[in-house]
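# Residue-level structural notes
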Amino acid sequence: MGTQDDPSRDRALRVRHRPPRTRAAVLVLHGGRAESRSAARPWQLAALRMHPFLRALGAATGHDDVLLGQVRYRNRGWNGAAEDPLRDARRALAELHGLVGDVPVVLLGHSMGGRAALRAADADPVRGVVALAPWCPPGEPVAQLRDRALLVLHGSRDRVTDPGESAAYVSRARAAGARAGLLLENGDHAMLRHHARWHRTATAAVAHLLAPEAAPCELFARALSAAAPPVLRSAPPAASDAARGPVREPGC
């Protein structure tokens, strides 16, 4: 069945593909800003950045009974205690349940969307999370990840969100009872460097989480078993890496 969309702008769930019979679902959450009350729009760069991931997921699951959807944000920012994208993610999960009932769900989020996906992992249908360059500030809760699976993919040259904070988050998630791993990519926050590898890795991880018994994932095994985060492909550090400077406020 082709791409679907709900005409209501008030809904948090945008359905990109709905099969005749849905056995599982993947929800994609794009990035944003730390603070912004301006409206989130589908043509903004943070949202457009996830389109290649949706295409890769569609190609991998097109013959399966997997619904593909996006979380539609009301505002561009996290906005402190308001946690706006987390509220939108929870609304989208509720709308998904109303649409297809109880099916396992995998969340795929980038940057601010990665933070929202990790927070929303306590919802009953969520089987696991794939977080791309997530925003994981110190003190971010991890208890909701108990008995969940989590794979973080972060660029070693990211100057927007901190791969070191992702590593600390994964360690705390493991201690809280999550099956959590981290992979490093020789790339930056925009996921443009080696972009095809980002797409392939994310798609393989999602496929594994949708059917762990049928889709063994060597990358997941590496991330879970390594003492230090594996690098997807080794490369000599750039001259600029020696003085990366401070990590900036999360943005798209």
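Structure shown above.
These remarks concern the structure in this document. Bear in mind the structure is a predicted one, so any value in this text is a computation, not a measurement.

The next thing to look at is the sheet that holds strand S5 (residues 126-132). Pairing within the open sheet is mixed, and its seven strands lie in the order S1-S3-S2-S4-S5-S6-S7. Edge strands, defined here as strands with exactly one partner in the open sheet, are strand S1 (13-17) and strand S7 (179-185). Direction aside, the axes of adjacent strands within the sheet are offset by 20° on average. Where helix H2 (residues 51-61) meets the sheet, its contacts fall on S1, strand S2 (24-29), strand S3 (66-71), strand S4 (105-110) and S5, and the angle it forms with S3 comes to roughly 170°. Here helix H6 (residues 195-210) sits on the sheet and contacts S2, S3, S4, S5, strand S6 (149-155) and S7; the angle it forms with S5, its principal contact strand, is near 170°.

On to H2, then. Every buried residue belonging to H2 is among Phe53, Leu54, Leu57 and Thr61, and all of these are buried. Taken around the axis of H2, the buried residues stretch over an arc of 100°, which confines them to a single face. Looking at H2, the residues exposed on the side facing more than 90 degrees away from the buried face are Arg55 and Ala59.

A few words now on the nonpolar core. Among the nonpolar cores identified, the biggest contains 43 residues, and Leu27, Leu107, Val129 and Leu150 are the most heavily contacted of them. If near-sequence neighbours (up to four positions away) are discounted, valine 129 is found in contact with Leu107, Ala117, Leu118, Ala121, Ala149, Leu150, Leu151 and Leu209. Ala24, Leu132, Ala223 and Leu232 belong to the second-largest nonpolar core, a separate cluster that totals 29 residues.

Counting through the fold element by element, glutamate 95 comes out in helix H3 (residues 84-100). Arginine 91 provides the closest opposite charge to the buried, unpaired glutamate 95, separated from it by 4.0 Å. Reaching out from glutamate 95, the side chain makes a polar contact with the backbone nitrogen of leucine 13 at a distance of 2.9 Å. Setting aside chain neighbours within four positions, we find glutamate 95 in contact with Arg11, Ala12 and Leu13.

Within helix H7 (residues 218-225), burial applies to Leu219, Phe220 and Ala223. Along the long axis of H7, the arc covered by the buried residues comes to 100°, so they all point the same way. Away from its buried face by more than 90 degrees, H7 exposes Glu218 and Ser225. Looking at the buried side of H7, the elements it contacts are S6, helix H5 (163-175), S7 and H6.

With that out of the way, let us pick up the packing of H2 against H6. Where H2 meets H6, the closest approach of the two axes is 9 Å, and the angle between their N-to-C directions is 50°. The orientation of H2 relative to H6 falls into the category oblique. Here H2 and H6 pass one another in a crossing that is right-handed. Each of Pro52, Phe53, Ala56, Leu57, Ala60 and Thr61 in H2 lies in contact with H6, whose residues at this interface are Trp198, His199, Ala202, Thr203, Val206 and Leu210. Taken together, the residues of the contact of H2 with H6 sort by class into nine nonpolar, three polar and no charged.

Calculation rules
Residues numbered from 1 in each chain as written. Predicted model: local features only at pLDDT ≥ 70, side-chain atom pairs only at ≥ 80, totals over all residues. Heavy atoms only, no water. Pairing = 2+ DSSP bridges. Helix = DSSP H or I, 4+ residues; strand = E, 2+ residues; numbered from the N terminus. Axes fitted to C-alpha atoms, helices over the stretch in contact; angles between N-to-C directions. Contact = heavy atoms within 4.5 Å. Buried < 20%, exposed > 50% of the residue type's maximum accessible area, 1.4 Å probe, protein only. Arc of directions from axis to C-beta. Core = buried A, V, L, I, M, F, W, Y, C linked by side-chain atoms within 4.5 Å. Lys, Arg positive; Asp, Glu negative; His and termini not counted. Salt bridge = Lys/Arg side-chain N within 4 Å of Asp/Glu carboxyl O. Polar contact = N/O pair within 3.5 Å; in protein donor to acceptor, adjacent residues only side chain to side chain. Parallel < 35°, antiparallel > 145°, perpendicular 65-115°, else oblique. Left-handed = near helix turned anticlockwise from the far one by under 90°. Nonpolar A, V, L, I, M, F, W, Y, C, P; charged D, E, K, R; others polar.

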